[in-house]
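Residue-level structural notes
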Amino acid sequence: MGVDAAVPRAAAMESTIASLRRQARIQRALIFAIFLVASLQFFLQHDPSIQRHAAAIHSFHRGLKDWSRSPRRAAKSGGISGGGRNNTHTAGYATSSAAFVNSTIPKVDSGSYRVGEFCQYCSYSDNALCEDRVSFLMKKYHLSEEQAKKNQAVKEKCMAPPIYHRVYAAEEDEPYLLFHGGPHKTGTTALQTFIYDLKWQNETLFLKDNLRVPSYDELPGGFGKEGVGLNLCHCSIKDYKEGGGQVNVGQCDPMRKAFPRFLQDAWNKSQNILIVAEDFDQLGIDFKRMRFFLRPYNKIKFAVTYRRLHEWLPSFYQNIVAHWTRVYARGEAHFPSYVEWLGENYDKFLKMHAGGVADRFRAFDIVESVDILNIHAAPNLIEYYFCNHLRAENVCRAIKEGAKPSKTNVGADHEYERLAIEANNRKPLTLKYNMHIEVQRSRAARYLKQEVEKMGVDKMPMVCPPKEILDKMLETEMEQERVAFPQWYESQGGDEGLRKAFDAAVQKKFCAFDLEKIFEEGLLDHILWKS
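Quick look at the structure, then. (Residues numbered from 1 in each chain as written. Predicted model: local features only at pLDDT ≥ 70, side-chain atom pairs only at ≥ 80, totals over all residues. Heavy atoms only, no water.)

Taken together, six strands build an open sheet; the order of strands is β1-β6-β5-β2-β4-β3 and the sheet is mixed. Edge strands, defined here as strands with exactly one partner in the open sheet, are β1 (95–96) and β3 (211–212). Sheet analysis places β3 next to strand β4 (residues 272–276), joined by two bridges and oriented parallel. When the bridges of β4 are listed, Leu 211 appears paired with Asn 272. Relative to the sheet, helix α15 (residues 381–389) contacts β1, β2 (177–180), β3, β4, β5 (300–306) and β6 (367–374), its axis offset from that of β6 by approximately 135°. (Pairing = 2+ DSSP bridges. Helix = DSSP H or I, 4+ residues; strand = E, 2+ residues; numbered from the N terminus. Contact = heavy atoms within 4.5 Å. Axes fitted to C-alpha atoms, helices over the stretch in contact; angles between N-to-C directions.)

Printed below as a string of structure tokens:
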């Protein structure tokens, strides 16, 4: 063999050597990366000041991953253990992830907020302090600015609660926020009550399913007992009470300190947070502020319960007027009939229905999945939610062994109470009942019902909703159920089955006494105003 034969052999050897060198470089890089990760974890535990830098890197990493895999991310759905899987409960029967109100929903960037945006007196940034508080301390105690800034009261009252949290190697390893958002009149009160009843009976049961439920001390505010989750909802409403909420800024202050500590502790223990609150249906929720409250969690699995409009709207109306009867009885406001209320509020409350709530949360950029649970296909919502949707084995076992909520929110018909109140506001009744006392109002309503039924209810003039609203409502229901629960919808008779149920509900629940006609014609004068 001569020189010509030696050339290929030398070239092969060079190629092998180059390959070995590349492998050695890769191995050195991997060793260095492992060393960096180990060092970062060590310093995170011993030097929290670098946490914000790590969090920024982690956030950037998440952004790259979201961009690179957005089609797969958009396709995700389901509960904690895969509520979007193709089984009998999710294939068009009891659970849907379909956007049946708005199928093209742009995401809202909730991650950017200004310093001081969510507190009237605090700056809420890692480095900035409350200038007014610093100035006060300097003046009162003759301190230097540096001394005032080091004061513990300044740190506690004017700085954002520090979030020195664990950094997960992969997004898939991060724990979830599991929200059930009502809406009202879909069994959510019973679900909330069940959760807190069970939590007080056995504090560790939810933890066995890796579910952490906040107590009042961990999520304080204007609501207690089973309503703890409502504090997050109402403290996230843009202008608090002025924006339609039920709490003011001061009532939310304890939450600003306690809730971040709770979340930080749960995050570091890799625990999923469970919050059930029917007031997630509120229209004024500011998602930027909610995102601020939820740090460091980055992923929400959201669920709502679907109830047909022709059942849900009358029930919601009865729930609202029940809270206002005292005001109506004092003559401070007109007691609207269901027909009046529906005509004025249909479009607004459609946004608070399951589909409207689901679409608003789909637009929240950290919401990974939204599921709609069909209460008609799963009438025991509590069992379905824990056993089928979340697949929480230990809580499910407790339910099957007899655990139940101590209270539910079952509505009542207030039509005869409306009759009694409106009649009394025209001219004081000669009946023996005091209309300013709740118990006696109820007795007056029962008495009137007995008397009217003796006369024959069919003799009373009635008023019903206009055909345009009824047609729109029926068409909306058909569209929603065809998209969200197609198999269940067909099993119930499709369009014809829904139309029959709708017509029966209209006949029974939608019409109201025509009080103007009743009073003008004196049909009940002999009962209301006995001489």
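Once that is clear, we can look at the state of the cysteines. Taken as a whole, this structure holds three disulfides when the rule is applied. Disulfide partner of Cys 235: Cys 252, at an S-S distance of 2.0 Å. Residues Cys 235 and Cys 252 share a disulfide whose torsion about the S-S bond is about -100°; that sign makes it left-handed. Taken together, the residues Cys 235 in helix α9 (residues 230–235) and Cys 252 in helix α10 (residues 249–268) connect sequence positions 17 residues apart. One exposure class covers both Cys 235 and Cys 252, and it is buried. Each sulfur in the disulfide pair Cys 464 and Cys 511 lies 1.9 Å from the other. Linking Cys 464 and Cys 511, the disulfide has an S-S dihedral of approximately 110° and is accordingly described as right-handed. Here Cys 464 is found in the loop between β7 (462–463) and α19 (467–484), whereas its partner Cys 511 is found in the loop between α21 (494–510) and β8 (512–513), with 47 residues between them in sequence. Exposure remark for Cys 464: the relative accessible area of 40% places this residue in the partly exposed category. For the unlinked cysteine Cys 233, the closest cysteine sulfur is that of Cys 235, found at 9.4 Å. (Disulfide = S-S within 2.5 Å. Buried < 20%, exposed > 50% of the residue type's maximum accessible area, 1.4 Å probe, protein only.)

Rolled over the atoms, a probe with the dimensions of a water molecule shows which regions are left empty. Its boundaries defined by the atoms lining it, the second largest pocket holds a volume of some 1100 Å³. His 184, Gln 246, Phe 316, Asn 319 and Ile 320 are, among the 41 residues lining the second largest pocket, the residues nearest its centre. For the lining of the second largest pocket, the elements supplying multiple residues, two or more each, are α7 (188–201), α9, α12 (309–329) and α13 (338–350). If one sorts the elements of the lining of the second largest pocket by residue count, α12 sits on top with nine residues. In terms of residue class, the lining of the second largest pocket is made up of 16 nonpolar, 18 polar and seven charged. (1 Å grid on protein atoms, 1.4 Å probe; cavity = no way out; pocket = protein on both sides within 12 Å on 5 of 7 lines; lining within 4 Å. Points joined across faces, edges and corners; volume = space filled by probe spheres on them. Nonpolar A, V, L, I, M, F, W, Y, C, P; charged D, E, K, R; others polar.)

It is worth spelling out unusual backbone geometry at this point. Cis geometry marks the peptide bond from Gly 182 to Pro 183; its omega dihedral reads 0°. Positionally, Pro 183 belongs in the loop between β2 and α7. That bond from Arg 295 to Pro 296 is cis: its omega, 5°, falls within 30 degrees of zero. In this structure, Pro 296 sits in the loop between α11 (287–294) and β5. Positive phi values are uncommon outside glycine, yet Lys 185 reaches one of about 65°. For Lys 185, a relative accessible area of 9% puts it in the buried group. The phi torsion at Asn 210 lies on the positive side, around 55°, for a residue other than glycine. For Asn 210, the position within the fold is in the loop between α8 (205–208) and β3.

It is worth spelling out the packing of α12 against α13 at this point. Two elements in contact, α12 and α13, have axes separated by 11 Å at closest approach and are oriented at 110°. One way to sum up the angle between α12 and α13 is to call them roughly perpendicular. The element α12 and its partner α13 pack so that their crossing is right-handed. Side by side, α12 and α13 meet where Leu 309, Trp 312, Leu 313, Pro 314, Phe 316, Tyr 317 and Ile 320 of the first sit next to Tyr 338, Trp 341, Leu 342, Tyr 346, Phe 349 and Leu 350 of the second. A breakdown of the residues in the contact of α12 with α13 according to their chemical character gives 13 nonpolar, no polar and no charged. (Parallel < 35°, antiparallel > 145°, perpendicular 65-115°, else oblique. Left-handed = near helix turned anticlockwise from the far one by under 90°.)

Tallying each qualifying case throughout the model produces 27 aromatic pairs. Ring centres 5.1 Å apart and planes at 80° place the aromatic pair Trp 312 and Phe 316 in the edge-to-face group. You can see Trp 312 and its partner Phe 316 sitting in helix α12, four residues apart, about one turn around the helix. For Trp 312, a relative accessible area of 0% corresponds to the buried category. Overall, Phe 316 belongs to the buried group, its relative accessible area being 5%. The rings of Trp 312, Phe 316, Tyr 317, Tyr 338, Trp 341, Phe 349, Phe 502 and Phe 510 are connected pair by pair, giving a single aromatic cluster. Stacked on the ring of Phe 292, the Lys or Arg Arg 295 has its end atom at 4.5 Å from the ring centre. When the ring centre of Trp 529 is taken as reference, the NZ or CZ atom of Lys 427 above it lies at 4.9 Å. (Phe/Tyr/Trp six-rings, centres within 6.5 Å; stacked < 30°, edge-to-face > 60°. Lys NZ or Arg CZ within 6 Å of the ring centre and 35° of its normal.)

What follows concerns the pairing of β6. Remember that side chains alternate between the two faces of the sheet whenever the strand is regular. Across the eight residues that make up β6, a large majority, eight, are buried. Bridge count between β1 and β6: two bridges; the pairing is antiparallel. Bridge pairing links Ser 96 to Ile 372 in β6. Two strands pair when backbone bridges link them, and β5 and β6 are joined in this way by seven bridges, in the parallel orientation. Within β6, the position partnered with Val 304 by the bridge is Ile 372.

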